[in-house]
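This is what each chain is made of:
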Amino acid sequence: MNTQTRPYPPSWVDRFIDWIASRPIPTWLTYLLIYFASTLSLHMAVWIDGVTPLWEIDSLWVFNGIW
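Let us look at the structure shown here.

On to the overall build of the protein, then. Assigned secondary structure in the protein consists of three helices and zero strands. Each helix and strand of the protein, ordered N terminal to C terminal, gives the series α-α-α. At 17 Å, the protein has a C-alpha radius of gyration far larger than the 11 Å of a compact globule built from 67 residues. Taking the principal axes of its C-alpha atoms as reference, the protein extends roughly 50 × 25 × 15 Å. The proportion of buried residues among the 67 residues of the protein is 16%. Once local pairs closer than 6 in sequence are excluded, the contacts in the protein between residues at least 24 apart make up 14%.

Okay, structure coming up:
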């Protein structure tokens, strides 16, 4: 969306979405990669804390990666 047509200054979320849309790869793939990165970092945190055994993938943490 053109920033001159917006009735407000763009927020960091607007700028981030515009940046993703301007990338040469599909938008859905970018969001999927972000999801995988957040899920992996969440799993690394629970593995380090000992909540989940090392290298075990827990569906609860996979789902929580969305949030």
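Read on for the rest.
Counted according to the given criterion, the structure contains three aromatic pairs. Taking 5.8 Å as the distance between ring centres and 45 degrees as the angle between the ring planes, the aromatic pair formed by Tyr35 and Phe36 counts as tilted. By relative accessible area, which is 48% here, Phe36 ends up partly exposed. Taking the centre distance of 5.2 Å and the plane angle of 50 degrees together, the rings of Trp47 and Trp55 count as tilted. Accessibility expressed as a relative area gives 67% for Trp55, which makes it exposed.

Turning our eyes to something else, we now look at helix α2 (residues 27-49). The end-to-end C-alpha separation of α2 is 33 Å, in line with the 33 Å expected for 23 residues at 1.5 Å each. Taken together, the buried positions of α2 are Thr30, Thr39, His43, Val46 and Trp47. Along its buried surface, α2 packs onto α1 (12-21) and α3 (59-64). At the exit of α2 stands Gly50, carrying a positive phi of roughly 85 degrees.

Another aspect to go through is the side chain of Thr30. Mapped onto the secondary structure, Thr30 falls in helix α2. Residue class for Thr30 comes out buried when judged on its relative accessible area of 10%. If we ignore the near neighbours within four places in the chain, the residues touching Thr30 are Ile20 and Ile25.

Next up on the list: the side chain of Thr52. Position of Thr52 among the secondary structure elements: in the loop between α2 and α3. Of the polar contacts made by the side chain of Thr52, one reaches the side chain of Trp61; its length is 3.2 Å. Discounting chain neighbours no more than four positions away, the residues touching Thr52 are Val46, Trp47, Asp58 and Trp61.

Cut-offs and rules
Residues numbered from 1 in each chain as written. Predicted model: local features only at pLDDT ≥ 70, side-chain atom pairs only at ≥ 80, totals over all residues. Heavy atoms only, no water. Helix = DSSP H or I, 4+ residues; strand = E, 2+ residues; numbered from the N terminus. Rg over C-alpha atoms; globule rule 2.2 N^0.38 Å. Buried < 20%, exposed > 50% of the residue type's maximum accessible area, 1.4 Å probe, protein only. Contact = heavy atoms within 4.5 Å. Phe/Tyr/Trp six-rings, centres within 6.5 Å; stacked < 30°, edge-to-face > 60°. Expected span 1.5 Å × (residues − 1). Polar contact = N/O pair within 3.5 Å; in protein donor to acceptor, adjacent residues only side chain to side chain.

Nothing here speaks to function; it is all geometry.
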